[in-house]
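Letter by letter, the chains look like this.
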Amino acid sequence: MAATILEAKAGANKASRSTPPTSSNIVQFPSGLLGFEQLKTFALVGRPQEEPFLWLEAPKDSRISFIVVPPKQVVPDYQPDLSDDDVKFLGLKSPNEALVLTIVTLRSEGRASINLKGPLVINARTHIGKQIVPVNAADYSTEYPLPVSK
C-alpha cells in the first residue's frame, strides 16, 4: 500500500484528485486559510506524475482547491522561523514533524509563483495545520517565481 502524503512528508502518493478524503490525508486548519477562513478541513492529495506538486482540496466545496509545493523543492535554503505561539498552536514537538508547503499562484503567460511569506505548516503527526507568517518573513518574497521548464 502506498504511503499517504502526510505519512511520507510530501513524498510520492498514489492518490488522485478524485481520491476521497481519508483520515490519513485530511488536514484540519482551525483558523482556515487567508480568504477561506470558513473552510477548516482539507484533503492533501497528489499524483506521482505531478510531483513535487500536490493538491490541497476542500472536501465540502469541490470548487476550492489549491496547488501546493514543498518550498525547499524550489528554494533549497528556505528556512521559515516559526514563532513560539505557532509551534504551540501546531503542537510541534520537533522540527521533523513540520510539513511546510506553499500555495502556488498561476499567473498570465504561464508564469507561476509561491508565497514564501505565508507558508502552510502542518504537523505531520496530528494533521493540524496553520498558514503562518514566519518571524523572518522580511527575508522572503510573496511572489517568488517558479522556474519555467521548456
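Above this text you will find the structure in question.
Residue indices begin from 1 for each chain and proceed along its sequence in written order. Since the coordinates come from a predicted model, pLDDT governs what is reported: local features require at least 70, and pairs of side-chain atoms require 80 or more to be given and counted, while whole-chain, interface and lining totals use all residues. Working from all heavy atoms in the structure, the side-chain values ignore hydrogens and water.

**Student:** Could you clarify how one ought to interpret the pattern of salt bridges in this entry?
**Tutor:** Two side chains bearing opposite charge may form a pair once their charged atoms approach each other closely. The rule for a salt bridge is simple: a side-chain nitrogen of Lys or Arg has to be within 4 Å of a carboxyl oxygen of Asp or Glu. With the rule as written, the count across this model stands at five salt bridges. The salt bridge involving K130 is made with D86; its shortest N-O contact spans 2.6 Å. Of this pair, K130 sits in strand β8 (residues 129–131) while D86 sits in helix α1 (residues 84–90); the two residues are 44 residues apart in sequence, bridging distant segments of the chain. Put simply, DSSP marks the helices as runs of H or I at least four residues long and the strands as runs of E at least two long, and each gets a number from the N terminus on.

**Student:** How should unusual backbone geometry be read in this particular structure?
**Tutor:** The bulk of non-glycine residues show a negative phi, and the bulk of peptide bonds are trans. Going from E51 to P52, the amide bond is cis rather than trans, its omega being 10°. Looking at the secondary structure, you find P52 in the loop between β2 (41–45) and β3 (54–57). We note that H127 has phi near 65°; this positive angle belongs to a residue other than glycine. Its place among the elements puts H127 in the loop between β7 (120–123) and β8.

**Student:** Which parts of the structure should I look at to understand the side chain of N123?
**Tutor:** The residue N123 is located in strand β7 in this model. What qualifies as a polar contact is a pair of N or O atoms within 3.5 Å, subject to a donor-acceptor requirement within protein and to the restriction that residues adjacent in sequence count only when both atoms come from side chains. Separated by 3.1 Å, the side chain of N123 and the backbone oxygen of G91 make a polar contact. In what follows, residue pairs with any heavy atoms lying within 4.5 Å of each other are defined as contacts. Not counting the four nearest positions on each side in its chain, N123 is found in contact with L90, G91, L92, E97 and I128.

**Student:** Any chance you could explain the nonpolar core here in plain terms?
**Tutor:** The nonpolar side chains of a soluble globular protein tend to be buried with one another. The nonpolar core is taken to be a set of buried Ala, Val, Leu, Ile, Met, Phe, Trp, Tyr and Cys residues, with the residues joined through side-chain atoms within 4.5 Å. With a 1.4 Å probe rolled over the protein chains alone, any residue whose accessible area is under 20% of its type maximum counts as buried; one over 50% counts as exposed, and the rest are partly exposed. The biggest cluster of nonpolar side chains holds 17 residues, and the ones touching the most others in it are F42, L44, L56 and V68. At the level of elements, β2, β3, β4 (65–69), β5 (98–106) and β7 are the ones that each hand at least two residues to this core. For this core, the element with the highest residue contribution is β5, accounting for three residues. Apart from the residues lying within four places of it in its own chain, the contact partners of L56 are F29, L33, F42, A43, L44, I64, S65, F66, V68 and L120. Counting residues in hydrophobic clusters, the runner-up holds ten residues, among them V69, V74, L116 and Y140.

Remember that the coordinates give geometry; whether it matters functionally is a separate question.
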